[in-house]
Amino acid sequence: MSILKKLFTAVRGGAREVGESIVDANGIRIFEQEIADAQNALHKAKKSLTEVMAKEMQTKRKISALDDSIAEHEEYAGQALAKGNEALAMEIAEKIGDFETEKSEHDQVLAGFSNHIVVLKQQVKDAEKSIKENQRQLTMVKTTESVQQATMAVNSTLNTNESSMTNARQSLERIKQRQQDRQDQLGAAKQLEASANGDDLKAKLAEAGIGEQNQKSNDILARIKAKQNG
């Protein structure tokens, strides 16, 4: 029995863990449904409140009508006494007593309605405040959940593709190196071509002020001076 009891306890523990994992996985959905359930309950509470308020209004009208009847019959009783008909006045007084008894009963009913309305209004107010707060909290947790999921997705992608990104960077470096090698080869070929044509020497002589170009310039300058002196 002891082993069976432990096995049963283990099964119950496993079921509890599974249940908790399901609740955790669907926490936001459950919270949303709980808010929806609270809104439905609030709607029903407001409907009940309007029904009680309607009954309160009806009771007030009955009491007002009884007050009118009492005042009316008091007038009748006074007229009967004025005419010396005390028996009729007594009968009217008894009717007035019935009205007052009925009015007293309605007063008690009205007090019950009024007190119940006060309680219901406060409960509705508290429920509305709680629902609004839960809705604000729901917005925040949904936003946080979205941001966290996006961050986890990015991190997962980066970790998964880390080798691919490394390979991509290596490929880029190889491309740049190949382009630089090609540029260096073009530069070297240009230098060889210039050397073969003697252009490099001419450039060096011109830079040093030596050569045909420099002599021609001297001749032109001498000719201009001669014209000025002649």
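Nothing here was measured: the structure is a model prediction, and the numbers come from that model.

About the criteria used
Residues numbered from 1 in each chain as written. Predicted model: local features only at pLDDT ≥ 70, side-chain atom pairs only at ≥ 80, totals over all residues. Heavy atoms only, no water. UniProt positions renumbered as here; feature names shortened; annotations may be inferred. Helix = DSSP H or I, 4+ residues; strand = E, 2+ residues; numbered from the N terminus. Salt bridge = Lys/Arg side-chain N within 4 Å of Asp/Glu carboxyl O. Buried < 20%, exposed > 50% of the residue type's maximum accessible area, 1.4 Å probe, protein only. Expected span 1.5 Å × (residues − 1).

Caption draft 1: Representation of the UniProt feature "coiled-coil region" (unreviewed entry) in the protein. As recorded in UniProt, the sites labelled "coiled-coil region" (unreviewed entry) are residues 28-55. Between the end C-alpha atoms of residues 28-55 there is a gap of 41 Å, over a span that is 100% helix and 0% strand.

Caption draft 2: Structural detail: the pattern of salt bridges. In this structure the tally under the stated criterion is five salt bridges. Where Lys142 meets Glu32, a salt bridge forms, and the shortest distance between an N and an O atom there is 3.1 Å. Pair noted here: Lys142 is in helix α3 (residues 86-160) and Glu32 is in helix α2 (residues 27-82), with a separation of 110 residues, a long-range link. On the basis of relative accessibility, which here comes to 37%, the residue Lys142 falls in the partly exposed class. By relative accessible area, Glu32 is classed as partly exposed at 31%. Put simply, Arg136 and Glu133 hold a salt bridge, and the shortest N to O gap is 2.6 Å.

Caption draft 3: Layout of α2. For α2, which comprises 56 residues, the first-to-last C-alpha distance of 82 Å matches the rise-based estimate of 82 Å (1.5 Å per residue) to within 8%. Downstream of α2 by one or two residues, Gly84 has phi in the positive range, about 80°.

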